[in-house]
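What follows is the residue order along each chain.
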Amino acid sequence: MSHDNLFWRQTAQRLLVDSKRTDAVPALKTLTTKGGHGAIHALWTLSGMGALDTKTHTAALISPEPALRRNAIRALGADKVSAQMLYDSATLADKDLQVRLVAFTKLAALPESDANKKTASLLMKLPENAKDEWLRLALQATGAAEMNIVGYKRGPNLLPNASFEEVGGNKLPTNWSERTYSRRNPDLKHAIETRKEFVKSGKNSLRISADTRHDSSLFARVRLKAGRKYVMSAWVRTDNLQGTGNGALLSVHELQHAAKTKGVKKTSGWVKVETEFKNEQDREVTVNCLYGGWGQSSGTAWWDDVSLVEIEPIYKEKSKDAIKATAAAGKKIFDTHLVAGCIRCHKVDGKGGIVGPALDGIASRKDADYIKRSLVNPTAELAEGFDKLGASPMPPMNILLNDQELADVMAYLMTLKKKKK
Ligand code: HEC
């Protein structure tokens, strides 16, 4: 199972599962703790035989090897115990972003719940998650509300040479290229317009004209982000624009009907056309000054001052003053919180789990700063006796608790002083 060749590893795994070799279970459990390729196959073999126990699985979830952590997350089910194991593994804040992505994807695959949505929303507050395309999409799939958005602002114009002032050697605007969808008679013309009355701003506008009917465009390339909204607009003017198509408009070729402005037809002075759309995929697209459009047009059309901007969210600044912490609320979280439940891992007054150290007297042993750090960044500050673990199995609490809850828990921990004899 640790062979260099994947074929032998998979064959060994398959034979063990197919022949239900439960006598191999103890050896497989040991192999899971050894790391390397063998550990991953041992994990899946145990899983395939239905013999993956919580202890082995938990150890794999907090293994120092990212590949094993990733596979251990994938091997989780969608039941309550699995959800709890995911939360308790700290992989939702894994420093390896590939592991983190698998953890987020697992979170999204769990049955819908408010607790999971809240977790996803808290995770979305971290810029390193919100700014990464894939991490963001996985969190959105869990239902992360865009928390703390107080408004939106329009970003810079993404279209190049948007007023067609720069002209290339081919007499067409630089960064814009021709694309003709149907027909190509010699009377179809793409040109820079310089006559003042046909220019909206600057010295130039763009003109497309034809005597016979055509479906054609000049397009520019733009990179769009996934899950973001955009506004696209142009000033358009027409002269005797006839035919079966939409007329003269602006469109994103790749998004078809999901991203096109109204078309201008017949004879019209300058009008502004504008549309808002959501882009689902991170990719390069082409934006058309479109003539015809799902049909064909004849006549003349002009475009000027084209624009494509992202609608960027504005996040609320953190305010510190609103929080009033109480130890009673903190104790409640400590004892009962669905996903952060400290008592599962820590004993106080002889009650609780044994994964972490007992916390009796913590406030006498350590100062508030240390305690706060061990809550939000457990790995940076490992408790005595746990230093050899390398990484803390305790999830960073700022992803499971909001600022208020964290303050409450802190208030409670500060009451845990050494009892006077
Ligand atoms: C999944 C198990 C788990 C959960 C849940 C958990 N912890 Fe921990 N905690 C640990 C482990 C293991 C350690 C020791 C390693 C370390 O220092 O990070 C630890 C360390 C600590 C420490 C540092 C103790 C010391 O002596 O340095 C504090 C304080 C702490 N936890 C508080 C909490 C609080 C408060 C909660 C609930 C909000 C909580 N923990 C939830 C496992 C857990």
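What counts as what
- Residues numbered from 1 in each chain as written.
- Predicted model: local features only at pLDDT ≥ 70, side-chain atom pairs only at ≥ 80, totals over all residues.
- Heavy atoms only, no water.
- Helix = DSSP H or I, 4+ residues; strand = E, 2+ residues; numbered from the N terminus.
- Rg over C-alpha atoms; globule rule 2.2 N^0.38 Å.
- Buried < 20%, exposed > 50% of the residue type's maximum accessible area, 1.4 Å probe, protein only.
- Contact = heavy atoms within 4.5 Å.
- Areas by Shrake-Rupley, 256 points an atom, 1.4 Å probe, with all protein chains shown as cover.
- Lys, Arg positive; Asp, Glu negative; His and termini not counted.
- Charge placed at Lys NZ, Arg CZ, Asp CG, Glu CD.
- Domains from an automatic or database assignment.
- Buried area = accessible area lost by both parts, 1.4 Å probe.
- Salt bridge = Lys/Arg side-chain N within 4 Å of Asp/Glu carboxyl O.
- Polar contact = N/O pair within 3.5 Å; in protein donor to acceptor, adjacent residues only side chain to side chain.
- Nonpolar A, V, L, I, M, F, W, Y, C, P; charged D, E, K, R; others polar.
- Donors = N, O, S within 2.8 Å, 3.2 Å for Na, K, Ca; no water.
- Tetrahedral: all angles 85-135°; square planar, octahedral: opposite > 155°, others 65-115°.
- Core = buried A, V, L, I, M, F, W, Y, C linked by side-chain atoms within 4.5 Å.

### A short note on the overall build of the protein
Next, step 1: Within the protein, the secondary structure is distributed over 14 helices and eleven strands.
Next, step 2: Taking 2.2 N^0.38 as the reference for a compact globule, 421 residues should give roughly 22 Å; the C-alpha atoms of the protein span a radius of gyration of 30 Å, well beyond that estimate.
Next, step 3: Seen along its three principal axes, the alpha-carbon backbone of the protein occupies a region of about 95 × 60 × 35 Å.
Next, step 4: In the protein, which comprises 421 residues, the proportion classed as buried is 46%.
Next, step 5: Long-range contacts, defined as pairs at least 24 residues apart, comprise 70% of the intrachain contacts of the protein with a sequence gap of at least 6.
Next, step 6: When the accessible surface of the protein is totalled, it reaches about 21500 Å², and 54% of it is carbon and sulfur.
Next, step 7: Of the charged side chains in the protein, 64 are positive and 47 negative, and the gap between their average positions amounts to 3 Å.

### A look at the domain arrangement of the protein
Next, step 1: What the domain assignment reports for the protein is domain 1 (6-148), domain 2 (177-314) and domain 3 (327-413).
Next, step 2: Centre-to-centre, using C-alpha coordinates, domain 1 lies 47 Å away from domain 2.
Next, step 3: Every contact between the two is made by six residues of domain 1 and, on the other side, seven residues of domain 2.
Next, step 4: Regarding the contact of domain 1 and domain 2, the summed buried area is about 460 Å², with carbon and sulfur atoms giving 36% of it.
Next, step 5: When the area that domain 1 buries against domain 2 is broken down by residue, the three leading residues are E133, R136 and L137, summing to 70%.
Next, step 6: Between the two partners, domain 1 and domain 2, sit zero salt bridges.
Next, step 7: Scanning the region where domain 1 abuts domain 2 turns up two residue pairs in polar contact (both at pLDDT 80 or more).
Next, step 8: Of the residues contributing to the side of domain 1 that touches domain 2, the split by class is two nonpolar, two polar and two charged.

### Section: the side chain of E405
Next, step 1: Relative to the helices and strands, E405 is located in helix α14 (residues 403-413).
Next, step 2: The class of E405 is buried, set by a relative accessible area of 15%.
Next, step 3: Not counting the four nearest positions on each side in its chain, E405 is found in contact with K118, I333, H337 and L400.

### Observations regarding the coordination of the iron atom of the ligand
Next, step 1: For the iron atom of the ligand, every protein donor is listed as H346 (NE2) and M394 (SD), and the spread of their distances is 1.9 to 2.1 Å.
Next, step 2: Each of the six donor atoms around the iron atom of the ligand contributes to a set of angles spanning 88 to 178°, which defines the coordination as octahedral. Here the residue H346 occupies a position in the loop between α11 (327-336) and β10 (347-348), and M394 occupies one in the loop between α13 (368-376) and α14, the gap between them amounting to 48 residues.

### What to know about helix α8 (residues 114-124)
Next, step 1: Of the positions making up α8, those classed as buried are N116, T119, A120, S121, L122, L123 and M124.
Next, step 2: Of the surrounding secondary structure, the elements contacted by the buried residues of α8 are α6 (80-88), α7 (97-109), α9 (127-130) and α10 (133-142).

### Comments concerning the nonpolar core
Next, step 1: Core analysis: the biggest nonpolar cluster contains 59 residues, and I73, L92, L107 and L413 have the highest contact counts within it.
Next, step 2: Split by domain, the residues of this core number at least three in each of domain 1 (6-148) and domain 3 (327-413).
Next, step 3: What L92 contacts, discounting residues up to four positions off in sequence, is Y87, R100, A103, F104, L107, T119, L123 and I399.
Next, step 4: With 35 residues, the next largest nonpolar core counts A248, V285, C289 and W303 among its residues.

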